[in-house]
Amino acid sequence: MAQNRREERDRKKVLDRVFGEVLPETTRDERDATSRSGLPDDWYRENRPPHHDR
């Protein structure tokens, strides 16, 4: 059990060295608040299907 923990810790150190610190929980497009006007229907307008404009 202790061997597994040590291996996991060493593996994490290597990954952190290669990729930097912990990756964010969300992607940039999920947390970009500047693209929204704050209106409740923003998501629906942004994801409107093409046939809706006909």
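Because the structure is predicted, anything quoted here is derived from the model rather than measured. (Residues numbered from 1 in each chain as written. Predicted model: local features only at pLDDT ≥ 70, side-chain atom pairs only at ≥ 80, totals over all residues. Heavy atoms only, no water.)

Colleague: Outline the overall build of the protein, listing residues and values.
Modeller: Each helix and strand counted, the protein has 3 helices and 0 strands in total. In the protein, the order of α-helices and β-strands from amino to carboxyl end is α-α-α. Classification of the 54 residues of the protein by burial places 2% in the buried group. Per element, the accessible surface of the protein, about 5800 Å² overall, is 52% carbon and sulfur. (Helix = DSSP H or I, 4+ residues; strand = E, 2+ residues; numbered from the N terminus. Buried < 20%, exposed > 50% of the residue type's maximum accessible area, 1.4 Å probe, protein only. Areas by Shrake-Rupley, 256 points an atom, 1.4 Å probe, with all protein chains shown as cover.)

Colleague: Residue-level account of the pattern of salt bridges, with values.
Modeller: Tallied over the entire structure, the rule returns 3 salt bridges. We note a salt bridge from Arg11 to Glu8, for which the minimum N-O separation is 3.5 Å. Placement of both Arg11 and Glu8 in helix 1 (residues 2–19) is noted, with a separation of 3 residues, approximately one turn of the helix. The shortest N-O distance in the salt bridge between Asp16 and Lys12 comes to 2.9 Å. Linking Asp16 with Lys12, this pair stays in helix 1, spanning 4 residues, or about one helical turn. (Salt bridge = Lys/Arg side-chain N within 4 Å of Asp/Glu carboxyl O.)

Colleague: Summarise the packing of aromatic side chains; cite the residues concerned and give the values.
Modeller: Ring pairs (aromatic) are described by centroid distance and by the angle formed between their planes. Scanning the model with the defined rule gives 1 aromatic pair in all. Taken together, a centroid distance of 5.2 Å and an interplanar angle of 90° make the contact between Trp43 and Tyr44 edge-to-face. With a relative accessible area of 56%, Tyr44 lands in the exposed category. (Phe/Tyr/Trp six-rings, centres within 6.5 Å; stacked < 30°, edge-to-face > 60°.)

Colleague: How would you sum up a nonpolar patch on the surface? Please name residues and give values.
Modeller: On the surface, Val14, Leu15, Val18 and Phe19 cluster together into a nonpolar patch covering about 380 Å² of accessible area. Turning to its location among the elements, Val18 is positioned in helix 1. (Patch = residues over 30% accessible without salt bridge, like charges linked within 9 Å, V, L, I, M, F, W, Y side chains within 5 Å.)

Colleague: Can you break down a positive patch on the surface residue by residue, with the values?
Modeller: A cluster of basic residues, Arg6, Arg9, Lys13 and Arg17, forms a positive patch at the surface. Within the fold, Arg17 resides in helix 1. (Lys, Arg positive; Asp, Glu negative; His and termini not counted. Charge placed at Lys NZ, Arg CZ, Asp CG, Glu CD.)

Colleague: I'd love a proper account of helix 1, names of residues and values included.
Modeller: Across its 18 residues, helix 1 extends 25 Å between first and last C-alpha, which sits within 8% of the 26 Å expected from 1.5 Å per residue. Just past helix 1, the residue Gly20 takes up positive phi, approximately 90°. (Expected span 1.5 Å × (residues − 1).)

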